[in-house]
Amino acid sequence: MPEGHILHRLARLHQRRFAGAPVSVSSPQGRFESGAALLDGRPLLRAEAWGKHLFHRYAHGPIVHVHLGIYGHFTEFHLADDGIPEPVGQVRMRMVGAEFGTDLRGPAACEVVDEGQVADVLARLGPDPLRSDADPALAYKRIAKSRKTIAALLMDQSVLAGVGNVYRSEVLFRHRIDPYRPGVEIGDADFTAIWADLVALMKVGVRRGNIVVVRPEDDHGAPAYAPGKPRTYVYRRAGDPCRVCGTAVRTAELEGRNVFWCPSCQQA
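Residues numbered from 1 in each chain as written. Predicted model: local features only at pLDDT ≥ 70, side-chain atom pairs only at ≥ 80, totals over all residues. Heavy atoms only, no water.

A few words on the overall build of the chain. For the chain, the count of helices and strands is eight helices and ten strands. With respect to the principal axes defined by its C-alpha atoms, the chain has extents near 60 × 40 × 30 Å. Considering only intrachain contacts with a sequence separation of at least 6, the fraction spanning at least 24 residues in the chain is 60%. Counting every atom, the chain has about 12,500 Å² of accessible surface; 51% of that belongs to carbon and sulfur. With 34 positive and 30 negative side-chain charges, the chain shows a separation of 3 Å between the mean positions of the two kinds. (Helix = DSSP H or I, 4+ residues; strand = E, 2+ residues; numbered from the N terminus. Contact = heavy atoms within 4.5 Å. Areas by Shrake-Rupley, 256 points an atom, 1.4 Å probe, with all protein chains shown as cover. Lys, Arg positive; Asp, Glu negative; His and termini not counted. Charge placed at Lys NZ, Arg CZ, Asp CG, Glu CD.)

Okay, structure coming up:
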């Protein structure tokens, strides 16, 4: 599932390419036909992200809420290349502006909502490290009272919005924190350092379009876990030697998701 930096990057891209002018909206697949008809020809006012949720705000009220889920993705195209291309695959929503277009395929959610429904979505989300209005104290208040593991809490979108499995595993390694440590044992200094690191790392993700977590001094040539994937300390490197100490990286299932850690660098 795309992590929060991808949604913020999409919001910035769509703001730059479509906002401030009327947009042609359609649903080649047909599953968003009534929503597209409501939006077609309206100016897009603003695109913004909160965690793993994307919102397109149109003139005179309608808002599109998109959650990509596991399979959703946008494909961008430039009209100057070959005009408007024929849809390929199951395109849920197509947006076309003056110079650019984008196709949305396979989202978990693509719906027209109002301000009240947006408020309901946001009420379920914790602070987003990529938002300037985020209040990290709200996240720490929940973490400091919980007996759940810090690894589970970092993935809980009601605690922190936008953090996924890669950032979760990597930030815990970078701060030498055992993923099974309960939230109540995470001190204020530990959380402050985790939050600051997430803010910095995810901003790099927005800017560069990929996840960069390995410090130069620890990057000794060990390859990424798969071609085209980010170089990581522990994520998807189970059984491989730790980039810092050489101990075999471990993995286990935790609340339905695999967590990765180094048992030497991240001792309980």
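Throughout the structure, instances matching the rule amount to eleven salt bridges. The partner of Glu48 in a salt bridge is Arg57, and the shortest N-O contact between them spans 2.8 Å. The pair formed by Glu48 and Arg57 is uniform in burial state, with each residue classed as buried. The residue Asp103 makes a salt bridge to Arg105 at a minimum N-O spacing of 3.8 Å. Both residues of the pair, Asp103 and Arg105, count as buried. A single network of salt bridges, built from pairs that share partners, joins Arg46, Glu48, Arg57 and Glu115. (Salt bridge = Lys/Arg side-chain N within 4 Å of Asp/Glu carboxyl O. Buried < 20%, exposed > 50% of the residue type's maximum accessible area, 1.4 Å probe, protein only.)

Our focus in this paragraph is the sheet that holds strand S4 (residues 63–67). In any sheet, the strands associate via hydrogen bonds between backbone groups, in a parallel or an antiparallel arrangement. As summarised here, the arrangement of the four strands in space is S2-S3-S4-S8, forming an open sheet in which the pairing is antiparallel. Lying at the two open borders of the sheet, with one neighbouring strand each, are strand S2 (44–50) and strand S8 (109–113). The average undirected angle you get between the axes of adjacent strands in this sheet is 15 degrees. Against the sheet, helix H1 (residues 4–18) engages S2 and strand S3 (53–58), with an angle of about 170 degrees to S2. (Pairing = 2+ DSSP bridges. Axes fitted to C-alpha atoms, helices over the stretch in contact; angles between N-to-C directions.)

All right, on to the environment of His60 then. Topologically, His60 is positioned in the loop between S3 and S4. Separated by 201 residues in the primary sequence, His60 and Trp261 have C-alpha atoms spaced 49 Å apart.

What follows deals with unusual backbone geometry. The phi dihedral of His60 is positive, around 70 degrees, even though this residue is not glycine. Residue His60 is classed as exposed on the basis of its relative accessible area, which comes to 77%. Of note in this structure, Arg236 is not a glycine but carries a positive phi near 60 degrees. Within the secondary structure, Arg236 sits in the loop between helix H8 (188–208) and strand S9 (250–254).

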